[in-house]
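Commentary on secondary and tertiary structure
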Amino acid sequence: MNVQRFADAGSAAEVCAARILDLLRTAGGSATLAISGGSSPKLMFEIFARTMFPWDRVQLFWVDERVVPPDDAQSNFKLANDAWLRPVGFPEANIHRVRAELGAVESARLYEEEIRRVFGLKDGELPRFDVIHRGMGPDGHTASLFPGDPRLEDRTGIAAAVWVEKMSSWRVTLLPGVLERAKHTVMLVTGKDKTEVLGKVLAGEAYPAGIAAGEAEWFVA
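These lines cover the structure that appears in this document, whether it is placed above or below.

How each quantity is defined
- Residues numbered from 1 in each chain as written.
- Predicted model: local features only at pLDDT ≥ 70, side-chain atom pairs only at ≥ 80, totals over all residues.
- Heavy atoms only, no water.
- Helix = DSSP H or I, 4+ residues; strand = E, 2+ residues; numbered from the N terminus.
- Rg over C-alpha atoms; globule rule 2.2 N^0.38 Å.
- Buried < 20%, exposed > 50% of the residue type's maximum accessible area, 1.4 Å probe, protein only.
- Contact = heavy atoms within 4.5 Å.
- Areas by Shrake-Rupley, 256 points an atom, 1.4 Å probe, with all protein chains shown as cover.
- Lys, Arg positive; Asp, Glu negative; His and termini not counted.
- Charge placed at Lys NZ, Arg CZ, Asp CG, Glu CD.
- Pairing = 2+ DSSP bridges.
- Axes fitted to C-alpha atoms, helices over the stretch in contact; angles between N-to-C directions.
- Arc of directions from axis to C-beta.
- Salt bridge = Lys/Arg side-chain N within 4 Å of Asp/Glu carboxyl O.

A tally of helices and strands in the protein yields six helices and nine strands. For 221 residues, the compact-globule estimate of 2.2 N^0.38 gives 17 Å, and the C-alpha radius of gyration of the protein, at 16 Å, lies within 12% of that figure. Referenced to the eigenvectors of the C-alpha coordinate spread, the extents of the protein come out at roughly 40 × 40 × 30 Å. Counting the 221 residues in the protein, one finds 51% classified as buried. When contacts within the protein are restricted to residue pairs at least 6 apart in sequence, those whose partners lie at least 24 apart make up 74%. For the protein, the accessible area works out to roughly 9900 Å², and carbon and sulfur atoms hold 50% of it. Placing the 26 positive and 30 negative side-chain charges of the protein at their respective mean positions leaves the two points 3 Å apart.

Looking now at the sheet that holds strand E5 (residues 131–134). If you trace the six strands from one edge of the open sheet to the other, you get E1-E9-E8-E5-E2-E3, paired in parallel fashion. Among the strands making up the open sheet, the edge pair consists of strand E1 (2–5) and strand E3 (58–62). Direction aside, neighbouring strands of the sheet carry axes that sit 15° apart on average. Pairing analysis gives two bridges linking strand E2 (residues 31–35) to E5, with the strands arranged parallel. Each residue of the ladder has a partner; that of Leu33, found in E5, is Val131. The strands touched by helix H2 (residues 39–49) are E2, E5 and strand E8 (184–189); relative to E8, the strand with the most contacts, the crossing angle is about 115°. The strands that helix H4 (residues 104–119) touches are E2 and E3; relative to E3, the one it contacts most, it runs at about 160°.

Bringing helix H6 (residues 195–202) into the picture now. Regarding H6, the residues found buried are Val197, Leu198, Val201 and Leu202. Projection of H6 onto a plane perpendicular to its axis shows the buried side chains occupying an angular sector of 135°, all on one side. Where H6 is buried, its residues touch E1, E8 and strand E9 (217–220). Directly beyond the C-terminal end of H6, a positive phi value near 100° is found at Gly204.

By the definition in use, this model includes 15 salt bridges. We note a salt bridge from Arg155 to Glu180, for which the minimum N-O separation is 3.0 Å. Of this pair, Arg155 sits in the loop between E5 and strand E6 (159–164) while Glu180 is found in helix H5 (residues 176–181), placing the two residues 25 residues apart along the sequence. For Glu180, a relative accessible area of 38% gives the class partly exposed. Each of Lys78, Asp82 and Arg86 takes part in salt bridges that share partners, so that together they form one network.

Written out as C-alpha cells, the structure is:
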C-alpha cells in the first residue's frame with residue numbers, strides 16, 4: 001500500500017490536494033472527480049481555492065451526501081461550495097451535486113441519471129472516475145457505507161439512498177462497484193480517533209474503508 005504519514009492534518013491535506021491536482025492535470029481533456037465531506041477535506045478545499053487551475057476542465061461529483069438542503073450546515077455540497085467552488089467561480093455546469101432537498105430516494109435516482117448522462121453510460125455499465133477522494137470514519141465507514149450494510153456487496157449499482165441507523169438519517173452514496181473502478185483513489189484520513197481502525201484496515205481486515213484500499217494512495221495524520 002502507498003501510505004504517507006504526516007504530523008498534522010494540515011500537512012496531510014496539503015500533499016493530498018497537490019496529488020489530486022497532479023492527477024487531474026494528467027487526465028487529459030475533461031477530468032472527472034468525486035469528493036467527500038468532513039473537516040479534513042475542508043482544509044483541502046481551501047487549498048484548491050488558493051490554487052490557479054483550469055477548473056472548467058473538471059466535472060465534479062460527490063461520493064456521498066446527507067439528505068439535507070444544499071444550504072444546510074451538514075451538507076457536503078455546502079462545505080465544498082463555501083470553501084472552494086464559489087470563491088474560484090467553479091463553472092456551475094460542471095457541478096453535479098446530489099439534489100438531496102428532493103428526498104433520499106428521488107435524489108439518488110436523479111444522481112444516478114446524471115452520472116449516466118455525463119459518462120455516456122449504457123445499461124449495465126459503471127462509471128470510471130479519474131479520481132475519487134474518500135475519507136474514513138472512526139468505525140471504518142467510507143462514503144456512506146457503514147459496517148454491516150448489505151450494499152457493501154453491491155458491485156452493479158451506481159448510487160443508492162441509504163438509511164444510517166447510528167446517525168438516524170438518510171444519505172445518498174456511490175456504491176462499491178463504482179468506488180472500485182476509479183482510476184485513482186485518494187484517501188485522506190486524519191484524527192487520532194481513527195488510528196486503531198485505520199491500522200486494521202491497512203492490515204487487510206474487512207471494513208468498508210477497505211474498498212479499493214490496496215490500490216489507493218493514503219494520506220494519514
